[in-house]
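# Residue-level structure breakdown
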Amino acid sequence: MTLCSSVDFIQPVLHGYFRSSCSWRVRIAFALKGMEYDQVPVNLIKDGGQQLTEDYKTLNPMQQVPAVEIDGVTLSQSLAVIQYIDETRPEPRLLPLDPKKRAQVRMISDLIASGIQPLQNLHVIQKIGAEKVQWAQYFINRGFEALEPLLKQTAGKYCVGDEISMADICLVPQVYNAERFQVNMSLYPTIQRLNQTLMKIDAFQVSHPSCQPDTPVELRA
């Protein structure tokens, strides 16, 4: 009997927001694994933020997206969700077998997910006010200045070698945010090259913010 044999007939449910980096990471992982799932939109702006309701707080006490109901448990924090998916649905793997490469994938993922994205997410930007673009640019540039030389060392076709990994899943949404905030991506040729390569892959395209159930009409591809 497999770990999920008694519950795997129930499709996972992703509670997320079309333009949330963390939600997009999970969508990419589901797509790479070929997993079907249901989406429940959580509008981070409408009604003052639907993530702030008491009902949603029961799913994710941090009142952030995503929250994922899967295999009888509810998980939050996108990297934890991705690693759970990878451990329970091992093909194609999102973390390399080689311990050194696996550590590099986690290092890059954490650099983005802990060192860049939280400093320019919606909750922070709303607190900054009129200077939000300059704030976001500063912290994205600061992170990319560290990420670019790291990727020069680790990258092959993708972020770490020639297999798509969790690092790539984290990279693409962060580049999308950088472009939203008008960061000069020509300063980061390795990041730019990797993003262009990844965006040719179906899993990254179908999970894109421009084609989600809750994407506003004016932002649809």
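Residues numbered from 1 in each chain as written. Predicted model: local features only at pLDDT ≥ 70, side-chain atom pairs only at ≥ 80, totals over all residues. Heavy atoms only, no water.

## Concerning the side chain of Thr215
Put simply, the rule reads: Strands are runs of DSSP state E lasting at least 2 residues, helices are runs of H or I lasting at least 4, and numbering of each runs from the N terminus. When a residue's accessible area, from a 1.4 Å probe over protein chains only, is under 20% of the maximum for its type it is buried; when over 50% it is exposed; and in between it is partly exposed. Whenever a nitrogen or oxygen atom comes within 3.5 Å of another N or O atom, the pair is scored as a polar contact, on the condition that within protein one atom can donate a hydrogen and the other can accept it, and that pairs from neighbouring residues in sequence are kept only if both atoms are in side chains. Contacts were defined at the residue level, with two residues in contact if any of their heavy atoms lie within 4.5 Å.
Considering the arrangement of structural elements, one finds Thr215 in the segment after helix H9 (202-206). For Thr215, a relative accessible area of 5% gives the class buried. Within polar-contact distance, the side chain of Thr215 engages the backbone nitrogen of Gln212 at 2.9 Å. Each residue touching Thr215, except ones within four places of it in the same chain, is listed here: Phe18, Pro209, Ser210 and Arg220.

## Notes on the UniProt feature "domain: GST C-terminal" (unreviewed entry) in the protein chain
Inclusion rule: UniProt positions are given in the numbering used here, feature names are shortened, and annotations may be inferred rather than shown by experiment.
The sites that carry the UniProt feature "domain: GST C-terminal" (unreviewed entry) are, in the present numbering, residues 98-217. Across residues 98-217, the secondary structure splits into 64% helix and 0% strand, with the terminal C-alpha atoms separated by 44 Å.

## A closer look at the pattern of salt bridges
In plain terms, the rule: Should a side-chain nitrogen of Lys or Arg be within 4 Å of a carboxyl oxygen of Asp or Glu, the pair is scored as a salt bridge.
Enumeration over the complete set of coordinates arrives at three salt bridges. One salt bridge in this structure joins Asp86 and Lys33, with 2.7 Å as the shortest N-O distance. With Asp86 in helix H3 (residues 78-88) and Lys33 in helix H1 (residues 21-33), the pair connects residues that are 53 residues apart, well separated along the chain. For the pair formed by Asp86 and Lys33, the shared burial category is buried. Here Asp71 and Arg89 are joined by a salt bridge, their closest N and O atoms 2.7 Å apart. Of this pair, Asp71 sits in the loop between strand S3 (67-70) and strand S4 (73-76) while Arg89 sits in the loop between H3 and helix H4 (99-115), and the two are 18 residues apart along the sequence. This pair shows no difference in class: Asp71 is buried, exactly as Arg89 is.

## Concerning unusual backbone geometry
The omega torsion of the bond from Val65 to Pro66 falls at 5 degrees, within 30 degrees of zero and hence cis. Position of Pro66 relative to the elements: it lies in the loop between helix H2 (54-59) and S3. With an omega dihedral of -15 degrees, the bond running from Glu91 to Pro92 counts as a cis peptide bond. In this fold, Pro92 is placed in the loop between H3 and H4. Even without glycine at this site, Asp47 takes up a positive phi of about 55 degrees.

## A word on the pairing of strand S2 (residues 38-41)
Regular strands have side chains that alternate between both faces of the sheet. Selection criterion: Whether two strands pair comes down to DSSP finding at least two bridges between them.
Across four bridges, strand S1 (residues 13-16) lies against S2 in parallel orientation. Among the inter-strand pairings, Leu14 is bridged to a residue of S2, identified as Gln39.

## Here's the deal with the packing of aromatic side chains
Under the convention used in this document: In this analysis, rings of Phe, Tyr and Trp, with Trp reduced to its six-membered ring, are considered paired at centre separations within 6.5 Å, and the interplanar angle assigns stacked below 30 degrees, edge-to-face beyond 60, and tilted for intermediate values.
Using the criterion set out here, one finds six aromatic pairs in the structure. Between Tyr17 and Phe18, the ring centres sit 4.8 Å apart and the planes meet at 65 degrees, which makes this aromatic pair edge-to-face. Neither residue differs from the other here; Tyr17 and Phe18 are each classed as buried. Relative to Phe139, the ring of Tyr138 has its centre 4.9 Å away and its plane inclined at 85 degrees; by these criteria the two rings are edge-to-face. Among the aromatic residues, ring-to-ring pairing joins Trp135, Tyr138 and Phe139 into one connected group.

## Notes on the domain arrangement of the protein chain
To keep it simple, the criterion reads: As annotated, the domain borders come from an automatic or database domain assignment. Accessible-area loss on putting two parts together, using a 1.4 Å probe and summing over both, is the definition of buried area adopted here. Each residue is assigned to one class: nonpolar for Ala, Val, Leu, Ile, Met, Phe, Trp, Tyr, Cys and Pro, charged for Asp, Glu, Lys and Arg, and polar for all the others, Gly among them.
When cut into domains, the protein chain gives domain 1 (13-91 + 206-215) and domain 2 (99-201). Distance from the C-alpha centre of domain 1 to the C-alpha centre of domain 2: 20 Å. If you look at the interface, domain 1 gives 15 residues, while domain 2 gives 17 residues. Buried surface at the junction of domain 1 and domain 2, both sides included, amounts to about 1500 Å², of which 72% is carbon and sulfur. In this structure, the connection of domain 1 to domain 2 is made through zero salt bridges. Here the side of domain 1 that touches domain 2 gets seven residues from one element, more than from any other, and that element is H1. By residue class, the composition of the side of domain 1 that touches domain 2 is ten nonpolar, three polar and two charged.

## A few points about the environment of Ile140
Here Ile140 is to be found in helix H6 (residues 132-154). C-alpha separation for the pair Ile140 and Tyr84, spaced 56 residues apart in sequence, amounts to 28 Å. Those residues within four positions of Ile140 in sequence are excluded, and the remaining contacts are Ile116, Gln120, Gln174, Asn177, Ala178, Phe181 and Val183.

## Considerations on the packing of helix H7 (residues 166-180) against helix H8 (residues 189-198)
Each pair of packed helices can be described by the angle between their axes along with the distance between the axes. Keep this limit in mind: An axis is simply a line fitted to the C-alpha atoms; with a helix, the fit covers only the stretch in contact. Between two such axes, the angle follows the N-to-C directions and lies from 0 to 180 degrees. Angle categories are assigned with fixed cut-offs, so that under 35 degrees is roughly parallel, over 145 is roughly antiparallel, 65 to 115 is roughly perpendicular, and the rest are oblique.
Contact geometry for H7 and H8: axes closest at 10 Å, N-to-C directions at 110 degrees. Relative to H8, the element H7 lies roughly perpendicular. When H7 is examined against H8, the residues Asp168, Leu171, Val172, Val175 and Glu179 are found in contact with a partner set consisting of Ile191, Leu194, Asn195 and Leu198. The class makeup of the residues in the contact of H7 with H8 is six nonpolar, one polar and two charged.

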